[in-house]
Structure formats: C-alpha cells, structure tokens
Amino acid sequence: MTIELHVIKAAWAEHAQALQKIRELVFIEEQEVPREIEWDGADETSTHFLAVTELGQYIGCARLLPSGQIGRMAVLKEFRGTGVGADLLDAAVEEGKACGFDRLFLHAQSYAETFYRKGGFLPYGEPFTEADIPHLGMEMKLPVAYEPSLDANLSPLIRP
C-alpha cells in the first residue's frame, strides 16, 4: 500500500482527541495496556507527532518527553509496514536534535528491536517488563558522530 503521508508536530491542546484515539486503539485495546499506565500525566509537557494521510486521516503518533525519551509510538494496524513508524521516529529524532539533546532514548517492545536499530538506536541495560510486555532500553547518542561528506573537492579513495 502506497500512501501520501505527512508527519506534523501536534500540540496536545489542539490534537489530544486524535492522539488519544490512536493510543486507545493500539495500546489499550490491541495490546491491553492498563489505562493508568498509558495515561501517565506526561502528555501536556511533551512534544507530539501525528502521521496524517492525504485524506486527513490520523494514522500514527509518537511523543518526545522533556527528558529526551521517545515513546507512545503507535501506528494503526492497517497502516503498519508502510513506513509510517519510521517517519514518526525520524520526526522525533529531528526534534530531539533541534532541542539540543546529547542522547535520545526509548523503551522498545522487544519485538520492535530491529525497527529501532534501523532508526539508529542501540540497546543498553537489561531487558525488562512494562505493562506485561517485554521491553529493552535503547538509545541514540547525539550528535550522530559520522555523516558522509558531500564536499565536491574531496576525491574518493576508491573509485568504481
């Protein structure tokens, strides 16, 4: 499935209903996360992101806490595997860089480790259980240490 998608920074005061609906469907209904864990009181002080289709459908979300923790990454089931999650993660990382964090971290559900590794995160610490779901801590040190140079004055060491 190919979809036209935009990720927007979403103020909680303006987009709470859409953010809550996605998280209710994914975390509370699908994954059976207890409401008291999901609604942790940190939303008003966090930066939120919404994935929006060309038709104006809200299909995924993420948040960045003031501590540098990325969380509440959720994509509606019918849109998983389409790149929505990667776009949300990229938006949260870019915001973290813009905020000047030297480290971003998250609590990944264990099955999603490969997804977060592709996004530049590495595991740290011991695995743990949160809301009866296996997790592991993952982090990205900032600024990212290496970016290839596009300087035209440098000649490559190896030529095809």
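Residues numbered from 1 in each chain as written. Predicted model: local features only at pLDDT ≥ 70, side-chain atom pairs only at ≥ 80, totals over all residues. Heavy atoms only, no water.

A.B. asks: Teacher, can you tell me more about unusual backbone geometry here?
C.D. replies: A negative phi angle is the norm for most residues apart from glycine, just as the trans form is the norm for most peptide bonds. With an omega of -10°, the peptide bond between L142 and P143 qualifies as cis. On the secondary structure map, P143 appears in the segment after β7 (133–141). Unlike most non-glycine residues, E32 shows phi in positive territory, near 60°. Structurally, the position occupied by E32 is in the loop between α1 (12–30) and α2 (35–38). With phi around 55°, A131 is a residue other than glycine that occupies positive phi space. With respect to the secondary-structure elements, A131 resides in the loop between β6 (122–130) and β7. Residue classification places A131 among the buried positions, given a relative accessible area of 18%. (Helix = DSSP H or I, 4+ residues; strand = E, 2+ residues; numbered from the N terminus. Buried < 20%, exposed > 50% of the residue type's maximum accessible area, 1.4 Å probe, protein only.)

A.B. asks: What is the right way to read the environment of L142 from this model?
C.D. replies: Tracing the backbone shows L142 in the segment after β7. Setting aside residues up to four positions removed in sequence, L142 forms contacts with G96, K97, F101, D102, R103 and L104. (Contact = heavy atoms within 4.5 Å.)

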